[in-house]
Amino acid sequence: MTTRAMTTDPSTQAANSTDMENYTFETLKVTRPKDFVLHVELNRPEKRNSMNEAFWRELVECFQAISVDKDCRAVVVSGAGKMFTSGIDLMSAASIMAGDPEDDVSRKATRLHGLIQHFQESFTSIEKCPKPVIAAVHNACIGGGVDLISACDIRYCTQDAWFQIKEVDIGLAADVGTLQRLPKIVGNDSLVRELAYTARKMMSDEAWQCGLVSRIFPDKESMVTSALDVAALIASKSPVAVQGSKVNLVYSRDHSVDESLRYIAAWNQCMLQSDDLVKAVTAAIEKTPPVFSKL
Ligand SMILES: CC/C=C\C=C\CC(=O)SCCNC(=O)CCNC(=O)[C@H](O)C(C)(C)COP(=O)(O)OP(=O)(O)OC[C@H]1O[C@@H](n2cnc3c(N)ncnc32)[C@H](O)[C@@H]1OP(=O)(O)O
């Protein structure tokens, strides 16, 4: 099935709407606004998209489904309502973490270890998903929100956006990705430490200057429109090439140049034999848009 067939074949369109049943969630709203593009909205606006028990579970389920969804090649993540997210749901966190008061320290620790890993897996599922994910942040992005966007590929925000590594204010060291991923995004260790130790708000202009976001928009509507356009542009490219790029960029972040060169050589000894290469080169020569099979 090709991109063109996707746009014109009504039976395929019907199949797509059936596919969306895999994306029925309590805390997320998932739509397919363009061919091969999914829009995931954090969808508890009345609670400022705070992250409750259902959210942590559903985010993994959502990105595991996206990873194997051949009709998705790029994703936009945004927040419904007033802000992107207010971070962990403080009410549900208190009850989830409490556990059995009769447990001894080792049993409490073992339970908390499993819980932290479960929370970590939610955001890691974004990074493990081979489809590029664009975070579109408006207004507040607090605590767990910074962990979430740090696992995304591309970050945009609105002029009114602000970011806060809030964890120290609630008495914990951030443990679901910010301290591990953010220093590698921002490239300013001193700034990351200042933000993590003080929990001060960082406004959009500073987020742009330090490289946390690559574009700032005047409002949410223009940001989401542009994010979806960029996602559609990504989706028009060879999925073999785009997904291979993501996997190798993530690998390279955590390995030496030498190891990463060996990794991509092994990767491409297979992927260079893809039909996509021939199609892309032919399309470039003939000046026609290439049409790639689903992946
Ligand atoms: C293993 C650990 C894993 C992850 C750890 C992550 C750490 C963090 O995320 S730390 C950050 C925690 N978040 C906060 O401290 C933010 C708390 N909220 C606020 O400061 C404010 O609500 C606000 C975000 C600035 C928004 O203010 P405003 O627009 O005035 O709305 P409110 O009236 O305050 O809230 C509306 C409604 O939402 C509820 N709510 C908002 N945030 C949370 C939250 N984080 N947890 C639970 N509930 C939240 C608020 O209680 C209101 O509910 P009502 O029922 O309408 O009263």
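Residues numbered from 1 in each chain as written. Predicted model: local features only at pLDDT ≥ 70, side-chain atom pairs only at ≥ 80, totals over all residues.

### A closer look at the overall build of the chain
Item 1. Helix and strand counts for the chain stand at 13 helices and 9 strands.
Item 2. Its C-alpha atoms give the chain a radius of gyration of 20 Å, within 12% of the compact-globule value 19 Å for 295 residues.
Item 3. Counting only C-alpha atoms and orienting by the principal axes, one finds that the chain spans roughly 65 × 45 × 45 Å.
Item 4. A buried classification covers 35% of the 295 residues belonging to the chain. (Helix = DSSP H or I, 4+ residues; strand = E, 2+ residues; numbered from the N terminus. Rg over C-alpha atoms; globule rule 2.2 N^0.38 Å. Buried ≥ 20, exposed ≤ 12 C-beta atoms within 10 Å, placed from the backbone.)

### Topic: helix α7 (residues 178-186)
Item 1. Burial in α7 covers these residues: Thr178, Arg181 and Leu182. What you see down the axis of α7 is that its buried residues fit within an arc of 100 degrees, all on one side.
Item 2. Looking at the buried side of α7, the elements it contacts are α6 (144-150) and α8 (189-198).
Item 3. Gly187 lies just past α7 and shows a positive phi near 65 degrees. (Arc of directions from axis to C-beta. Contact = placed C-beta atoms within 7 Å.)

### Things to note about the sheet that holds strand β8 (residues 202-203)
Item 1. Spatially, β5-β7-β8 is the arrangement adopted by the 3 strands of the open sheet, whose pairing is mixed. The two strands at the open ends of the sheet, each matched to only one other strand, are β5 (140-142) and β8.
Item 2. Pairing geometry for strand β7 (residues 162-164) and β8, over 2 bridges, is antiparallel. Its bridge partner being in β8, Phe163 is matched across the sheet by Met202. (Pairing = 2+ DSSP bridges.)

### Some words on the site of the ligand
Item 1. The immediate surroundings of the ligand are formed by 21 residues, with Ser50, Ser86, Gly87, Ile88 and Gly143 found nearest.
Item 2. Counting residues per element, the ones that place at least two in the shell around the ligand are α4 (90-98), α5 (105-128) and β5.
Item 3. A breakdown of the residues in the shell around the ligand according to their chemical character gives 9 nonpolar, 5 polar and 7 charged. (Near = placed C-beta within 6 Å. Nonpolar A, V, L, I, M, F, W, Y, C, P; charged D, E, K, R; others polar.)

### Points about the domain arrangement of the chain
Item 1. As far as domains go, the chain holds domain 1 (3-235) and domain 2 (239-286).
Item 2. Across the contact, 8 residues belong to domain 1 and 7 residues belong to domain 2.
Item 3. A breakdown of the residues in the side of domain 1 that touches domain 2 according to their chemical character gives 3 nonpolar, no polar and 5 charged. (Domains from an automatic or database assignment.)

### Some details on the sheet that holds strand β3 (residues 74-79)
Item 1. Sheet architecture is open: 6 strands sit in the order β1-β2-β3-β4-β6-β9, paired in mixed fashion. Each edge of the sheet is formed by a strand with only one pairing partner; in this case those strands are β1 (28-34) and β9 (215-217). For this sheet the average axis-to-axis angle between neighbouring strands, irrespective of direction, equals 25 degrees.
Item 2. Bridge count between β1 and strand β2 (residues 37-42): 5 bridges; the pairing is antiparallel. From the neighbouring strand, Leu28 faces β2, where its bridge partner is Leu42.
Item 3. Relative to the sheet, helix α3 (residues 53-67) contacts β1, β2 and β3, its axis offset from that of β1 by approximately 25 degrees. (Axes fitted to C-alpha atoms, helices over the stretch in contact; angles between N-to-C directions.)

### Regarding the packing of α7 against α8
Item 1. The N-to-C vectors of α7 and α8 enclose an angle of 140 degrees; their axes lie 9 Å apart at closest approach. Considering the angle they form, α7 stands oblique to α8. Considering only the axes of α7 and α8, their crossing is right-handed. Only Asp189, Leu191, Val192 and Ala196 of α8 make contact with α7, whose side of the interface consists of Leu179, Leu182, Pro183 and Val186.
Item 2. Grouping the constituent residues of the contact of α7 with α8 by class yields 7 nonpolar, no polar and 1 charged. (Parallel < 35°, antiparallel > 145°, perpendicular 65-115°, else oblique. Left-handed = near helix turned anticlockwise from the far one by under 90°.)

### Re the confidence of the model for the chain
Item 1. Mean pLDDT over the chain stands at 93; residues scoring 70 or higher make up 94%.
Item 2. Taken together, the stretch residues 1-15 has pLDDT below 50 and engages in 14 contacts with residues farther than four places along the chain or on a different chain. (pLDDT = per-residue confidence, 0-100.)

### A few points about the pairing of β2
Item 1. Most of β2 is tucked away, with 5 of its 6 residues classed as buried.
Item 2. Between the antiparallel neighbours β1 and β2 lie 2 residues, among them Phe36 with a positive phi of about 65 degrees.
Item 3. Judged from the 6 bridges that link them, β2 and β3 form a sheet pairing that is parallel. Bridging from a neighbouring strand, Glu41 pairs with Ser78 of β3.
Item 4. Each parallel crossover has a hand, and the one from β2 via α3 to β3 is right-handed. (Right-handed = clockwise from strand over helix to strand, strands pointing away.)

### Topic: the nonpolar core
Item 1. By size, the foremost hydrophobic cluster in this structure holds 64 residues, and its most contacted members are Val75, Ile134, Ala136, Cys141 and Ala231.
Item 2. Residues within four places of Val75 in sequence aside, it is in contact with Leu38, Val40, Ile66, Lys131, Val133, Ile134 and Ala231. (Core = buried A, V, L, I, M, F, W, Y, C linked by C-beta atoms within 7 Å.)

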